Amino acid sequence: MTRLRCVSLLCAATLLLGCGNEKDIDGRLEALAAEREAYLARIEEVPDEALRDEAGKVARLLFWMLEAEIESEIPPETTEYAEDPLRIIGDYDDLDTLARQYATGLIATHDVRYRPQATEIELPFAYPFQNALSWHAAVLDDGTRLPVVDDGERIERFMLSAMASNGAGGDDAAADGEPGLVQQVSPTSLKTLLREHYPNGEDAPPVQRLDGTLTLEIPRHVHRVSFGPGDVGRTRTVGDYRIRLESLDGHRAAVSVRGNGSDGPASTEWVERLDGRVILIARDASGRTLDHSGSATGTPGGPERMLEVLDEAIEQARRGQPMDTEALQAELDARQRELLEEHDGAWFGSKTFHGTIAELDVALVDPVGGQTRELPLSLTPTYFEVPDNTRELAPLSSAATVYEHSFEALEGTVADEVDPGALDQAITITRDDYRDTGDDLAMVRFHYPDVVSNRLLRVFDRYGEVSELRFLDAEGQAIAMPADEDAREALYEFTIDRIEYHPGKFATPPARVTGRLEVRLLPTLHRRWVDAGSLPAGAELRDNAYFAPPQQDDRTLVFAQDRSGRYLRKLAVVDYGYDDAPSREAHYFYGRPARVLLLSADEAEQASYRFDVDLAR
């Protein structure tokens, strides 16, 4: 077992603890920071350099995990939603079909005009199981075949070689070697590096074909059970597993998974097989899926056991009998095995969410009986532009059919707009403080609720002017502001959806801020459904695309459903420009639209929102 694998089990130290209030949490974080410094100081006294370095790394990682765990107890200031990561399973007949749709839906794209050196991979959706995307070779437009490389040292050697060959210094002999390579920045982002075009690459020929391999896990079973707040301590049995709700406290939940035998497996290998295969999904009282802010895995009691090992190693070193790093690792492994045996070989995990949990689903991707499929890929990149004066609708399709569940909000699951009289309750405020990072910056951020009008009115346009802005001191007295505008902007500024201010520059520390914020509303939305027999004049519905008429307002949004009545995910929007006519937009989808929804709004109306925010921490 590697050192990092051992220490990763420490993050469950406070896994089963309840939430505390913010002042209590601040106090615990301060105490933890003091404990960390004292502990690191003890380690610095260890005379053996190798042991000192290894123990220091373990201790620093341990305290970082403990700090993150304590911070996870802070309840979220706003409720945020996300899509159920496993809902995609229900869109297809079986998991094999899901895998095929994902593989056929991969699209390589590039911008041959402005960034020919860059190639991107568009994923049709987030594959819910283990997967890997790797690239081996690329063929450029001029026929040059290059290797795809993600080895940092090899890339660095090539860059130094290219600099030398381009007269940027270095040994000319270093210029020998390959003429170029394609750097795999990430599985979905690649960059062509050619010696003669290094470093910018604007003149590099674009990639004409990309060869690689897609590896997909296709499980045999995905088990799913549900718990509520009253089910803490209860166990659900599915297949060969027992899933227990260990805790559910507000926005945090913790579970354990054991084998369904009387003497369930107690091995690190069995536990590690479940990592990434146990998925916690939470919903609030509205039934909507909550977004999550963090997760942790590990056996409870791990930090105490690991600290015992470090303490023993420190004391032995002080007595002149230092433990070598291999012995330290072996002892960490032994303590971990003890923990697993004490907990019946259980896997433990927790997750924090952006809202209060009303129902928790635990999905277990069974590691037994599935298959791993390796698929060769050969993609020709697509350019999401067409030449000017293109009259015919250019083909831009995908063999995959992909649905977009977030569009279901258009059907009334959320309101179209906020009532002007309800802005006080609808807009939520959070505070961000970056002073502990050494930057004298704090923020007051205004969060608009999830409504349909957000699709038509971006956050950049939602808020207007701020007026009557006053910063107050602890006594409630207004802090005098300079008359000069530049001087005021050095203290504070409203931008997009937040007030940014610099507390250290105020003559008196600000304790509150009050003011009035202009808010733009779209109270009247218009929905128009059209199909092939009722299209607007000049529009076309062909294959996987809707070709809008020239006169369509560019503020009109376009959505599509297939014959099943489900919304299709949009592949791209391409502008068609003409010298002698207004431009048109083509909306391409993953699938064939049967009908199209045109969403528009009347002109925005103005409303005022008054705020009074406590800035004290």
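Heads up: the structure comes first, above all this text.
This is a predicted model, so every value here is computed, not measured. (Residues numbered from 1 in each chain as written. Predicted model: local features only at pLDDT ≥ 70, side-chain atom pairs only at ≥ 80, totals over all residues. Heavy atoms only, no water.)

Remarks on the overall build of the protein chain
No. 1: Per the secondary structure count, the protein chain includes 11 helices and 30 strands.
No. 2: For the protein chain, the C-alpha atoms occupy an extent of roughly 90 × 70 × 65 Å along the three principal directions.
No. 3: Partitioning the contacts of the protein chain with sequence separation of at least 6, the portion at a separation of at least 24 is 75%.
No. 4: When the accessible surface of the protein chain is totalled, it reaches about 29,900 Å², and 46% of it is carbon and sulfur.
No. 5: Positive and negative side-chain charges in the protein chain, numbering 65 and 113 respectively, have mean positions lying 4 Å apart. (Helix = DSSP H or I, 4+ residues; strand = E, 2+ residues; numbered from the N terminus. Contact = heavy atoms within 4.5 Å. Areas by Shrake-Rupley, 256 points an atom, 1.4 Å probe, with all protein chains shown as cover. Lys, Arg positive; Asp, Glu negative; His and termini not counted. Charge placed at Lys NZ, Arg CZ, Asp CG, Glu CD.)

Quick look at the side chain of E417
No. 1: Locating E417 in the fold gives a position in the loop between β16 (371-379) and α9 (423-426).
No. 2: Among the residues examined, E417 registers a relative accessible area of 13% and is labelled buried.
No. 3: A distance of 3.1 Å separates the side chain of E417 from the side chain of R462, its partner in a polar contact.
No. 4: Polar contacts involving the side chain of E417 include one to the main-chain amide nitrogen of L522, which spans 2.8 Å.
No. 5: Those residues in contact with E417 that sit more than four places away from it in its chain are Y448, V451, S453, R462, L521, L522 and P523. (Buried < 20%, exposed > 50% of the residue type's maximum accessible area, 1.4 Å probe, protein only. Polar contact = N/O pair within 3.5 Å; in protein donor to acceptor, adjacent residues only side chain to side chain.)

Regarding the nonpolar core
No. 1: Grouped together as the largest cluster of nonpolar side chains are 51 residues, with contacts concentrated most on Y127, W135, Y576 and Y588.
No. 2: Once residues lying within four places of it in the same chain are set aside, the contact partners of Y588 are L393, A394, L396, N544, A545, K570, L571, A572, V574 and Y576.
No. 3: With 26 residues, the next largest nonpolar core counts V444, F446, Y609 and V613 among its residues. (Core = buried A, V, L, I, M, F, W, Y, C linked by side-chain atoms within 4.5 Å.)

Considering the environment of E540
No. 1: Examined against the element boundaries, E540 turns out to sit in strand β24 (residues 540-542).
No. 2: We classify E540 as partly exposed; its relative accessible area is 24%.
No. 3: As a C-alpha pair, E540 and L525 span 15 residues in sequence and 24 Å in three-dimensional space.
No. 4: Here E540 is in contact with L535, A545, Y546, F547 and R584, once residues within four sequence places are set aside.
No. 5: Here R542 takes part through its side chain, which lies 2.2 Å from a polar atom of the side chain of E540.

Some thoughts on the sheet that holds strand β20 (residues 492-495)
No. 1: Here we have 4 strands laid out as an open sheet, ordered β17-β18-β21-β20, and antiparallel in their pairing. Strands with a single pairing partner mark the edges of an open sheet, and in this sheet they are β17 (428-433) and β20. Going across the sheet, the axis of each strand differs from the next one's by a mean of 15°, ignoring polarity.
No. 2: Two strands pair when backbone bridges link them, and β17 and strand β18 (residues 442-447) are joined in this way by 6 bridges, in the antiparallel orientation. Paired with I429 across the two strands is F446, which belongs to β18. (Pairing = 2+ DSSP bridges. Axes fitted to C-alpha atoms, helices over the stretch in contact; angles between N-to-C directions.)

Some thoughts on the pattern of salt bridges
A side chain of one charge can pair with a side chain of the opposite charge if their charged atoms are brought near each other.
No. 1: All told, the structure shown has 44 salt bridges when counted by the stated rule.
No. 2: In this structure, the salt-bridge partner of E73 is R28, at a minimum N-O distance of 2.8 Å. On the criterion of sequence distance, the pair formed by E73 in the loop between α3 (49-71) and α4 (95-105) and R28 in helix α2 (residues 22-44) is long-range, its members being 45 residues apart.
No. 3: A residue is classified by how much of its surface remains accessible, and R28, at 23% relative accessible area, is partly exposed.
No. 4: When salt bridges that share partners are traced, they join R42, E45, D311, E315 and R318 into one network. (Salt bridge = Lys/Arg side-chain N within 4 Å of Asp/Glu carboxyl O.)

A closer look at unusual backbone geometry
No. 1: Phi angles above zero are rare outside glycine, and E468 is one such case at about 55°.
No. 2: Looking at the secondary structure, you find E468 in strand β19 (residues 463-472).
No. 3: For E468, a relative accessible area of 44% corresponds to the partly exposed category.
No. 4: We note that I496 has phi near 60°; this positive angle belongs to a residue other than glycine.

Quick look at the sheet that holds strand β1 (residues 107-111)
No. 1: In spatial order, the strands read β1-β2-β6-β5-β4-β3-β7-β16; together these 8 strands make up an open sheet with mixed pairing. Either end of the sheet is taken by a strand with one partner, and the two such strands are β1 and β16. For this sheet the average axis-to-axis angle between neighbouring strands, irrespective of direction, equals 25°.
No. 2: Alignment of strand β3 (residues 131-140) against strand β4 (residues 145-149), held across 3 bridges, turns out to be antiparallel. Of the residues in β4, the one forming a bridge with A137 is P147.
No. 3: Along the sheet face, α4 touches β1, β2 (115-122), β3, β7 (207-218) and β16 and points at about 165° away from the line of β7.
No. 4: Relative to strand β5 (residues 180-186), helix α5 (residues 152-165) is tilted by about 135°, and along the sheet it contacts β4, β5 and β6 (189-194).

Remember, this is a structural readout, not a statement about activity or role.
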